[in-house]
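A look at the structure
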Amino acid sequence: MQRNDPDRPIRILFVFAWLVVGGEETELRLLAQALDRQRYAIDVVVCFHKPGMPDQTHRQLEAIGVPVDRTPYHLSMNDTVAYLAGIIPSYDIVVSCQNVADIYPALERLHLRPPLIEHGGLVSEALAGPKHLTSRYVGVCQSIREAAASNMLGRETDALMIPSMVDIAVYRPEARAPARAALGITADIPLIGWAGRLDPKKRVEDFIAAAAIVHAVRPQARFVVIGGPDAFLPDYAAQLRAQVAALGLTDVLTFLGDRADIPDLLCALDIFIWLSRGEGMPHVISEAGAAGLAVIATADNGSIEQIRGGESGLFVPHESPHHVAADMIQLIDDPGLRHRLGSSLQDHVRRHYAIDVVIPQWVALFDELAERPLAPAPSLFRSFFQGGFECSTHRRAHDRNRVDVIAATRHDVLADQDYALLQDHGIVTVRDGLRWHLIEQHPGMYDLSSLAAQLSAAERTGTEVIWDLLHYGWPDDIDVWKPEFVTRFAAFAMEVARSIGKCTRGRRFYTPVNEMSFLAWGGGDAAYLNPFAHRRGFELKAQLARASIAAMTAIRIVDPDARFVHAEPVINVVTDLQRSWDAPAAEGHRQAQFQAWDMIAGQSWPQLGGAPSMLDIVGVNFYHNNQWIHGGPPIDRGHPSWKPFHHILAETYARYGRPIFVAETGIEGDVRAEWFAHIHAEVRLARQLGVPVEGICLYPILDHPGWDDDRPCPNGLLDPARAAHAPLAEAIRHARREWMPQTARSGLAGTRNTEDAI
């Protein structure tokens, strides 16, 4: 295994259950700051948000250029799982923090999964949930690593320990005086502090009780609690404040809330207290060590790895404020002991938890897991680069006239020349279409003369054709809404497959119904084309899926080896950042792109007759305007919300695990070569992620008149006179050279030589 392009950054997605202020959030921030950005790219997605949760970490991450995806904040759990399943495949590595409940349901849906690292800060997290999809479990201390290993029988070595790191450089002695001045603390006053989220397991009440004991005998001492309420347990913070008031400590103990200046505040302290029960590895103990503080702590999981009792800190029994108070008084009275303990802990932190010690451990892990199998060489079609002949036969809304692009481009009489010209550009596989309205002008009576030129040209030139059976149009006497539409289409499909099979060497490929999603929208919702309906789009989509399934069943009777391409547009619908609450509607619209494929596969509406075997080959149709803001305008490649095409390919393949290719792509005008090069580069990136893209079909390959106004559409490789668009032809030549070694290894062969098959 190897990375196909070592110059491409390793993309790492951190998935958090929620993003508050804590050790894992700090670890992520330090990791993102320290990693080489040319080598590693980090994104963050957060699954849940509750009112009252601080946004401090969001702001800190975004300030250093780490994007935080908040989309799931507005989604249900089921929709969040679907959303994660959509974005995960485009990453090289996924890191799940806080035992995210959504991660395994998302991964279970996928046929393409990046390696998963689970990062655990609690023993309970390491013991929870399945581990069969976890490539590595990283515990922040040995007790967590051991708990994970006990849950990974036979794979115990996949449980690792990487401690939380500390940026020693930000703990500056010179920050002490101004920080104390800001708190109103003079140099001679002992200042004792606690820091963390106000969570009952952290036993802050024991610190407060100990402070009351100390205050009675050392009234000059002052105390601070740094950290805000836990959004899930807000009453605990109120209880602590009430405790302080009841003990008469209001003037000597201050709640500072969530703060971004933790290093300076720790440098301002003289003593640090940590009394948790059931914690993992308290990141804040290492931070206190970086500040050179004497620490009083309970012996609890990771703290026993950070502190050597009596040498680099003092251990006290759990829930014993009197012991805590006694040690506080001892340290207040003995500055030399404070200094010795603090210096020893600081040295330990430098040797074990400093950034330059911990980062190499993460780098080694990321580099190891980023080595993934490359996608196999393409082998499905006879040529990787393909050409699609526009073959629409719908009726248009404004005049009800039928469009017949095959006739308009004279492809029906020049097919032999067209196929031969494409072979000069290495294109041996094409998409082409039948015109049902001409073949079945009377019910049950078939005349294939309109197809004769294309069929004979394919045979003579050895061109492999993917035949569209229904490209938006059908005979006028058929009512698409009636059951007879399905039976008529199935009978038509069987008849033409029988004829095509007789004169076709090699594999036979069919697209039963092209772009069910677009036809359902254009004909069932927008009344842009036949059947000119409104608010019946889903109904039409289901009917088209039913017809497609019936057609495949019929074709397999006469040609059991036939293959089926299901070409659908892939889209991306994003939420306007000013309307974040609109995310469910935007994501629902985006997810609707998969409905037709899901119906064919029997994943939705199984009563239509779909089954996994029916979803044979997935064809994705992608153009420059396939992404837009929900309720707003289209977006282009320069927009910050643009989703790279290789991410879309990865999502689609991961969803179905079926052979996949780019069934349509193209653009008008002078940017044709640039667009092709862009798509080709995106396909290469997708293949580096393990997506076995089998081809790219330029669509249309031949300039044609516009559907609505017959205007010239300069969007093909060939113009109406069959002259090639030189920049696009050169771009294709350049791309073919890159594929020659792969196609030679895969055994692809054209009608002339290996180069023709690229």
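Residues numbered from 1 in each chain as written. Predicted model: local features only at pLDDT ≥ 70, side-chain atom pairs only at ≥ 80, totals over all residues. Heavy atoms only, no water.

1. Brief notes about the packing of aromatic side chains
The following threshold applies: Each Phe, Tyr or Trp ring, with Trp reduced to its six-membered ring, pairs with another whose centre is within 6.5 Å; inter-plane angles below 30 degrees give stacked pairs, above 60 give edge-to-face pairs, and intermediate values give tilted ones. Only Lys NZ and Arg CZ are tested; either one counts as a charge over a ring when it is within 6 Å of the ring centre and within 35 degrees of the ring normal.
Taken as a whole and judged by the stated rule, the model has 31 aromatic pairs. Taken together, the ring pairs in this structure connect Trp-436, Trp-474, Phe-485, Phe-489 and Phe-492 into an aromatic cluster. Stacked on the ring of Phe-532, the Lys or Arg Arg-400 has its end atom at 3.7 Å from the ring centre.

2. Some remarks on the pairing of strand 2 (residues 40-46)
Here is the rule: Burial status follows relative accessibility: with a 1.4 Å probe on protein chains alone, a residue under 20% of its type maximum counts as buried, one over 50% as exposed, and anything between as partly exposed. Note on conventions: DSSP H or I runs of at least 4 residues are helices, E runs of at least 2 residues are strands, and numbering of each starts at the N terminus. Between any two strands, at least two bridges found by DSSP are needed for them to pair.
Among the seven residues of strand 2, six are classified as buried, and the element is accordingly described as predominantly covered. Where strand 2 and strand 3 (residues 68-69) come together, two bridges link them in parallel fashion. In the strand pairing of strand 3, Val-44 is matched with Val-68.

3. What to know about the state of the cysteines
Our working definition: Criterion for a disulfide: a pair of cysteine sulfur atoms at a distance within 2.5 Å.
Across all of its chains, the model carries zero disulfides by this definition. Summary of cysteine pairing: Cys-713 is not part of a disulfide, and the nearest cysteine sulfur, belonging to Cys-391, is at 15 Å.

4. Some words on the side chain of Glu-464
Selection rule: His residues and chain termini do not enter the charge count, which takes Lys and Arg as positive and Asp and Glu as negative. Definition used for salt bridges: Asp or Glu carboxyl oxygen within 4 Å of a side-chain nitrogen of Lys or Arg. Contacts described as polar in this section are N or O atom pairs within 3.5 Å, which, within protein, must combine one atom able to donate a hydrogen with one able to accept it, while residues neighboring in sequence count only if both atoms come from side chains. Note on contacts: a residue pair qualifies if any of its non-hydrogen atoms lie within 4.5 Å across the two residues.
Locating Glu-464 in the fold gives a position in strand 16 (residues 464-470). Although buried, Glu-464 forms no salt bridge, and the nearest oppositely charged side chain, Arg-382, lies 5.2 Å from it. Polar contacts involving the side chain of Glu-464 include one to the side chain of Thr-429, which spans 2.7 Å. Setting aside chain neighbours within four positions, we find Glu-464 in contact with Phe-381, Arg-382, Val-428, Thr-429, Val-430 and Phe-509.

5. Notes on a nonpolar patch on the surface
Which entries qualify depends on this criterion: Surface patches are defined over residues having more than 30% relative accessible area and no salt bridge, joining like charges when they lie within 9 Å and nonpolar side chains (Val, Leu, Ile, Met, Phe, Trp, Tyr) when within 5 Å. For every accessible area listed, the method is Shrake-Rupley and the probe measures 1.4 Å; residues are considered covered only by the protein chains on display.
Residues Phe-48, Phe-232 and Leu-233 make up a contiguous nonpolar surface patch of roughly 250 Å² in combined accessible area. The residue Phe-48 is located in the loop between strand 2 and helix 2 (56-63) in this model.

6. What about the sheet that holds strand 16?
Where we set the bar: Inter-axis angles, ranging from 0 to 180 degrees, are taken between N-to-C directions of lines fitted to C-alpha atoms, where helices are fitted over the stretch in contact.
Taken together, eight strands build a closed barrel; the order of strands is 14-15-16-17-18-20-22-23 and the barrel is parallel. Geometrically, the sheet is characterised by an average inter-axis angle of 25° between neighbouring strands, direction not taken into account. Bridge count for strand 22 (residues 660-665) against strand 23 (residues 693-698) is three bridges, and the pairing is parallel. The residue bridging Ile-660 from the neighbouring strand is Val-693, located in strand 23.

7. Re the pairing of strand 9 (residues 222-226)
When a strand is regular, its side chains alternate between the sheet's two faces. As a reminder of what qualifies: Note on handedness: a crossover is taken as right-handed if, strands pointing away from the viewer, the path from the first strand over the helix to the second is clockwise.
Summarising burial for strand 9: four of the five residues are buried, a large majority. Of the pairings in the sheet, the one linking strand 8 (residues 191-195) to strand 9 comprises five bridges and is parallel in character. Along strand 9, the bridge assignment pairs Trp-194 with Val-225. In the sheet, strand 9 pairs with strand 10 (residues 253-257) via four bridges, with the strands oriented parallel. By the bridge assignment, Ile-226 is partnered in strand 10 with Gly-257. Regarding the hand of the β-α-β motif, the stretch spanning strand 9, helix 9 (residues 234-246) and strand 10 is right-handed.

8. Section: the pattern of salt bridges
Inspection of every chain in the model, using the stated rule, returns 54 salt bridges. The salt bridge involving Arg-277 is made with Glu-319; its shortest N-O contact spans 3.2 Å. In this pair, Arg-277 is assigned in the loop between strand 11 (271-274) and helix 11 (283-290) and Glu-319 in the loop between strand 13 (314-316) and helix 13 (321-333), connecting sequence segments 42 residues apart. Looking at Arg-277, the relative accessible area reads 42%, which means it is partly exposed. Look at Glu-319 and you get partly exposed, because its relative accessible area is 44%. Notably, a salt bridge pairs Arg-563 with Asp-616, separated by 2.8 Å at the nearest N-O pair. With Arg-563 in strand 18 (residues 563-569) and Asp-616 in the loop between helix 24 (595-600) and strand 20 (617-621), this pair connects stretches of sequence that are 53 residues apart. Its relative accessible area of 6% is what places Asp-616 among the buried residues. Where salt bridges share partners, they join Arg-203, Glu-205, Asp-206, Arg-277 and Glu-319 into one cluster.

9. Comments concerning the packing of helix 17 (residues 411-423) against helix 19 (residues 452-461)
Condition: Oblique is the label for every angle not falling under 35 degrees (roughly parallel), over 145 degrees (roughly antiparallel), or within 65 to 115 degrees (roughly perpendicular). By convention the crossing between two helices is left-handed if the near helix lies anticlockwise of the far one by an angle smaller than a right angle, and right-handed if it lies clockwise. The residue classification treats Ala, Val, Leu, Ile, Met, Phe, Trp, Tyr, Cys and Pro as nonpolar and Asp, Glu, Lys and Arg as charged. All others, Gly included, are polar.
Direction vectors running N to C along helix 17 and helix 19 enclose 25°, while the axes themselves pass 8 Å from each other. Between helix 17 and helix 19, the angle falls in the class roughly parallel. Crossing handedness for the pair helix 17 and helix 19: right-handed. Contacts between helix 17 and helix 19 involve His-411, Asp-412, Ala-415, Asp-416, Tyr-419, Ala-420 and Gln-423 from the former and Ala-453, Gln-454, Ala-457, Ala-458, Arg-460 and Thr-461 from the latter. Its residues assigned to classes, the contact of helix 17 with helix 19 shows six nonpolar, four polar and three charged.

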